[in-house]
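# Remarks on the overall topology
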Amino acid sequence: MRLTLFLIILFFSNMFSAFNVTAFHQKLIPDHSKVQFAGNQGFLSGGFGYSFHILRIEREIAIMYGYLPEEFSGSDIHIFSLKNTTLFNVYELPKYLKLKCSLNLSIIYTLANNTFTILPDYYPEGYYVSNSFHFQPSIGLTANFISKHNTVLKNISIYTELGILEQNLYHIIKTGRVNIFDRLNMSLGIRYSIKERLSNKNLKDT
Amino acid sequence: MYDSAKRVFIFFVLFLFVGCDIFEYSPYDDDLETNIRDSNSKNISKINSILTETETDSFDYALISDTHSDYDYLHDAVKWINRHENIKFTLHLGDQSDSGLKFEFENTLNELNKLNNPFIVIIGNHDHLSQGKSIYNTIYGQTNFTFTIGSSKFIGFDNIVWENANNRPDFDWLQNELNSHNGNLFLLMHIPEGCMSMELYKEEYLSIINQINNLYRFHGHTHCLDDNWPKLITCAITEKMIPVVSVRNQNVSYKIESF
């Protein structure tokens, strides 16, 4: 059900391209959408993002929703995340691929069994800090397909990320008993460039 | 430049094929990497097989508690316990995690598995957080359980209130288990009755235990050692102290050891 909802949202994001939008509205429209498998953001997560440059460095921010069904976790888990990506070092494999490395930081908010942002009334004040938030730094690799023609393929890139949850990092720093390689996790994802497609379509219309 | 790209690419591909465990869906899921299941009941069987007939009424065991994510201290405690052959088993009095997350349970289990002799773990308030209870059930079994060694009966009792959706602990079960034994009784329960979360049920609890003879109560939670024998609160593992309990038929005593 939730997966269906996510796919509907993804579909509508592409529907933006069907309208003749003004420059102002264009700025509000996310320039890319993402679908991701794993990475502590649910079995599958999806969302939208914006690209921009700071000091000539390519940056992206994406808001994502992820879902993990009961079969994996004892109860349904909903995950909202804000993903901050810095892309650097572009390598080009002629005719085929453009590779970009990335540094990412995800802020993960989870709604799961016995998690809380504000403590229930029966706890004394300050008994626990919120256990709903986590951070995950990661490094990533993004591959953009190279195409001379304006095809859908040109707007698609695939990415993979290798990350570690902040609590695991804390255990590794605090104690010598936890192996970092046991706690690294990987994700796979697809990024679809909406705005590039949009601007190309507007260009054709004029 | 292409060489660098290749290296980065190979690095990611290698990680991808290391195994499916590399994909994590959420820190709150209960998809455990360890295959250990129902550890408490398996270890109870081991205790009974380790102790010979003559030893079943004469044995020593160690108490540890509130290990949280202090794995270095736990590692040292395990090494100390392993050096003392008189200690036949170890009881962990709860709070083996900070947030009830699966990797915290697994980290603790990795250290406890290094014990030469069996260990029994009861649930603490931190272990109840998130999916903690479900993970505890998978690895260790039921949160309320009993076992007997000779004429001694051990009762592991889950008295967590707030983290257990503010539910009343199952005092009916406790009363039933306490009343059905005449030898030494050891009640293992994470939160002592003086703590705030037990405040609501303190009178009910005291009315049950006050009727029982030969009852020894072992707790954790406060992180400080508190001797009010036959009630003993075990300190956190960071205090580097281990109470060792000696059972000699009807005589039960303890000694605090440092590691």
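Residues numbered from 1 in each chain as written. Chains lettered and ligands numbered in written order. Predicted model: local features only at pLDDT ≥ 70, side-chain atom pairs only at ≥ 80, totals over all residues. Heavy atoms only, no water.

With that settled, the discussion passes to the overall build of chain B. The secondary structure content of chain B amounts to seven helices and 11 strands. Computed over C-alpha atoms, the radius of gyration of chain B comes to 20 Å, within 12% of the 18 Å expected from 2.2 N^0.38 for 259 residues, which places it in the range of a compact globule. When the backbone C-alpha atoms are referred to their principal axes, chain B occupies close to 80 × 40 × 30 Å. Residue burial in chain B is summarised as follows: out of 259 residues, 58% are buried. Excluding contacts between residues fewer than 6 apart, the proportion of contacts in chain B whose partners are at least 24 apart in sequence is 73%. As displayed, chain B offers around 10500 Å² of accessible surface, 47% of which is attributable to carbon and sulfur atoms. (Helix = DSSP H or I, 4+ residues; strand = E, 2+ residues; numbered from the N terminus. Rg over C-alpha atoms; globule rule 2.2 N^0.38 Å. Buried < 20%, exposed > 50% of the residue type's maximum accessible area, 1.4 Å probe, protein only. Contact = heavy atoms within 4.5 Å. Areas by Shrake-Rupley, 256 points an atom, 1.4 Å probe, with all protein chains shown as cover.)

Before going further, it helps to examine the interface of chain B and chain A. Each partner contributes residues to the interface: chain B has 47 residues there, and chain A has 60 residues. In total, chain B and chain A occlude about 4400 Å² of area from one another, counting both sides; carbon and sulfur atoms represent 62% of this. At the surface where chain B touches chain A, the tally comes to three salt bridges. For A:R183, the salt bridge goes to B:E106, with nearest N and O atoms at 3.9 Å. (Buried area = accessible area lost by both parts, 1.4 Å probe. Salt bridge = Lys/Arg side-chain N within 4 Å of Asp/Glu carboxyl O.)

Next up on the list: helix α6 (residues 171-179) of chain B. All names here are of chain B. Residues F171, L174, E177 and L178 constitute the buried set of α6. Considered in projection along α6, the buried side chains sweep an arc of 125° and stay on one side of the axis. Contact partners of the buried residues in α6: β4 (145-149), β5 (152-157), β6 (184-189), α7 (202-209) and β7 (215-219). (Arc of directions from axis to C-beta.)

Within the structure shown, the criterion is met by zero disulfides over all chains. In this model B:C235 remains outside any disulfide bridge; the closest cysteine sulfur is found in B:C224, 8.2 Å from its own. (Disulfide = S-S within 2.5 Å.)

Quick look at the nonpolar core now. All names here are of chain B. Core analysis: the largest hydrophobic core is formed by 47 residues, its most contacted members being Y61, F154, F186 and F218. Each residue touching F186, except ones within four places of it in the same chain, is listed here: Y61, S152, K153, F154, I155, Y216, F218, V245, V247 and V252. Counting 25 residues, the second largest nonpolar core, distinct from the first, contains V161, F171, L174 and C195. (Core = buried A, V, L, I, M, F, W, Y, C linked by side-chain atoms within 4.5 Å.)

Residue and element names in this part refer to chain A. With respect to the helices, strands and loops of the structure, P120 is situated in the loop between β5 (97-111) and β6 (133-145). Residue P120 is classed as partly exposed on the basis of its relative accessible area, which comes to 28%. With 27 residues separating them along the chain, P120 and L93 place their C-alpha atoms 55 Å apart.

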